[in-house]
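As a plain string of letters, each chain reads:
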Amino acid sequence: EDPSENYVKLRDYVLTKLCQNLPSFDADKLHLGFSADMIKEAQEKLKINKKHARRVYEILRLRATDMSDEEKAKAYRLEVKKRLFGPYRVRFFIKSSQFDGRNDEANVAFPFLPIQKNQRELAKMRKCLRPEELVSHMGQLDTQTQHEELEKSYQLALEDYRRIIERLASQA
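The model shown is predicted, which means the values in this text are computed figures rather than measured ones.

**Student:** Even after reading the chapter, I still don't get the environment of Leu-78, so can you show me in this structure?
**Tutor:** Mapped onto the elements of the fold, Leu-78 is located in helix α5 (residues 70–85). Sequence-wise, Leu-78 and Tyr-154 are 76 residues apart; in three dimensions their C-alpha atoms are separated by 9.7 Å.

**Student:** Sorry, what's going on with the environment of Arg-11 here?
**Tutor:** Locating Arg-11 in the fold gives a position in helix α1 (residues 5–19). In this structure Arg-11 comes out as buried when scored by relative accessible area, which is 16%. Between the C-alpha atom of Arg-11 and that of Val-56, which follows or precedes it by 45 residues, the distance is 9.8 Å. When neighbours within four sequence positions are excluded, Arg-11 is seen to be in contact with Pro-3 and His-52.

**Student:** How do you make sense of the pattern of salt bridges when you look at a structure like this?
**Tutor:** Applying the stated rule across the entire model yields 13 salt bridges. Taking the shortest distance from any N to any O, the salt bridge between Asp-160 and Arg-163 comes out at 3.2 Å. On the criterion of helical spacing, the pair formed by Asp-160 and Arg-163 is a turn pair, its members being three residues apart in helix α8 (residues 143–171). Its relative accessible area of 40% is what places Arg-163 among the partly exposed residues. Where salt bridges share partners, they join Arg-54, Glu-58, Arg-61, Glu-79, Lys-82 and Arg-83 into one cluster.

**Student:** Just to check I follow, could you spell out helix α4 (residues 50–64) for this structure?
**Tutor:** Three or four residues apart is the spacing at which side chains of an α-helix point the same way, because the helix has 3.6 residues per turn. Over its 15 residues, α4 runs 21 Å from end to end, which matches the ideal 21 Å to within 8%, given 1.5 Å per residue. Most of α4 sits out of view: 11 of its 15 residues are buried. Packing partners of the buried residues in α4 comprise α1, α2 (27–30), α3 (36–46), α5 and α8. The N-capping residue of α4, defined by a side-chain oxygen 3.2 Å from the backbone nitrogen of Lys-51, is Asn-49.

**Student:** Is there a simple way to think about the packing of α4 against α8 in this case?
**Tutor:** For any two helices packed against each other, the geometry is given by the interaxial angle and the distance between the axes. The contact between α4 and α8 brings their axes to 10 Å, and the two run at 70°. One way to sum up the angle between α4 and α8 is to call them roughly perpendicular. Contacts from Arg-55, Glu-58, Ile-59, Leu-62 and Arg-63 of α4 reach α8 at Leu-158, Tyr-161, Arg-162, Ile-164, Ile-165 and Leu-168. Class assignment of the residues belonging to the contact of α4 with α8 gives a composition of seven nonpolar, no polar and four charged.

**Student:** How should the environment of Pro-23 be read in this particular structure?
**Tutor:** If you trace the backbone, Pro-23 turns up in the loop between α1 and α2. Remark: the alpha-carbon pair of Pro-23 and Met-38, spanning 15 residues in sequence, is separated by 8.7 Å. Once you skip the residues sitting within four places of it in the chain, Pro-23 turns out to touch Lys-29, Glu-41 and Lys-45.

**Student:** What is the right way to read unusual backbone geometry from this model?
**Tutor:** Most peptide bonds adopt trans geometry, and most residues besides glycine take a negative phi value. Within the chain, Lys-47 stands out as a residue other than glycine whose phi angle is a positive 60°. Mapped onto the elements, Lys-47 comes out in the loop between α3 and α4.

**Student:** Explain the packing of aromatic side chains here, please?
**Tutor:** For any two aromatic rings, the description comes down to two numbers: the centre-to-centre distance and the angle of the planes. The full count for this structure, using the stated rule, is one aromatic pair. Taking 5.4 Å as the distance between ring centres and 45° as the angle between the ring planes, the aromatic pair formed by Phe-34 and Tyr-57 counts as tilted. Of the two residues, Phe-34 is situated in the loop between α2 and α3 and Tyr-57 in helix α4; the sequence distance between them amounts to 23 residues. The buried category is assigned to Tyr-57, whose relative accessible area is 0%. Stacked on the ring of Tyr-13, the Lys or Arg Arg-167 has its end atom at 3.9 Å from the ring centre.

Here is what the cut-offs are and how they apply
- Residues numbered from 1 in each chain as written.
- Predicted model: local features only at pLDDT ≥ 70, side-chain atom pairs only at ≥ 80, totals over all residues.
- Heavy atoms only, no water.
- Helix = DSSP H or I, 4+ residues; strand = E, 2+ residues; numbered from the N terminus.
- Buried < 20%, exposed > 50% of the residue type's maximum accessible area, 1.4 Å probe, protein only.
- Contact = heavy atoms within 4.5 Å.
- Salt bridge = Lys/Arg side-chain N within 4 Å of Asp/Glu carboxyl O.
- Expected span 1.5 Å × (residues − 1).
- Polar contact = N/O pair within 3.5 Å; in protein donor to acceptor, adjacent residues only side chain to side chain.
- Axes fitted to C-alpha atoms, helices over the stretch in contact; angles between N-to-C directions.
- Parallel < 35°, antiparallel > 145°, perpendicular 65-115°, else oblique.
- Nonpolar A, V, L, I, M, F, W, Y, C, P; charged D, E, K, R; others polar.
- Phe/Tyr/Trp six-rings, centres within 6.5 Å; stacked < 30°, edge-to-face > 60°.
- Lys NZ or Arg CZ within 6 Å of the ring centre and 35° of its normal.

This is a description of form; function is not addressed.
Here it is, written out as structure tokens:
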């Protein structure tokens, strides 16, 4: 069973408040990307798993990013969307025997369904799934719909992250 939306927001706030003082989450290091040092330090010092450490990183990086700078804003957006897009992908091994006989790992999008079926499936999924769950099922939809839903998920995450940043600022 997934935690409630309010619990997730509270957890994000508390974990961000705790992690903001860790050396690996220093504002200077955030622009270098999510690192193994962040995961290790969050796990060892605060018992935070990788998924939650990643969300904390995204919140703190948003706070440290000048969103009026197009290049920095784009880099941040792509970093968050990379996480959101993860469930769209499936990993499998292909045998490249015609080349050199070794196994290569490949990432591919799921096969697409016909457009009319996509719209019906999307309507059903929107009714019963949370945004994170919806993102994980997007591999079955066409590329245009995937991009639209990915953008919506990104905007929702950004909105939640901004509320947490405002709350942190007001508590400081």
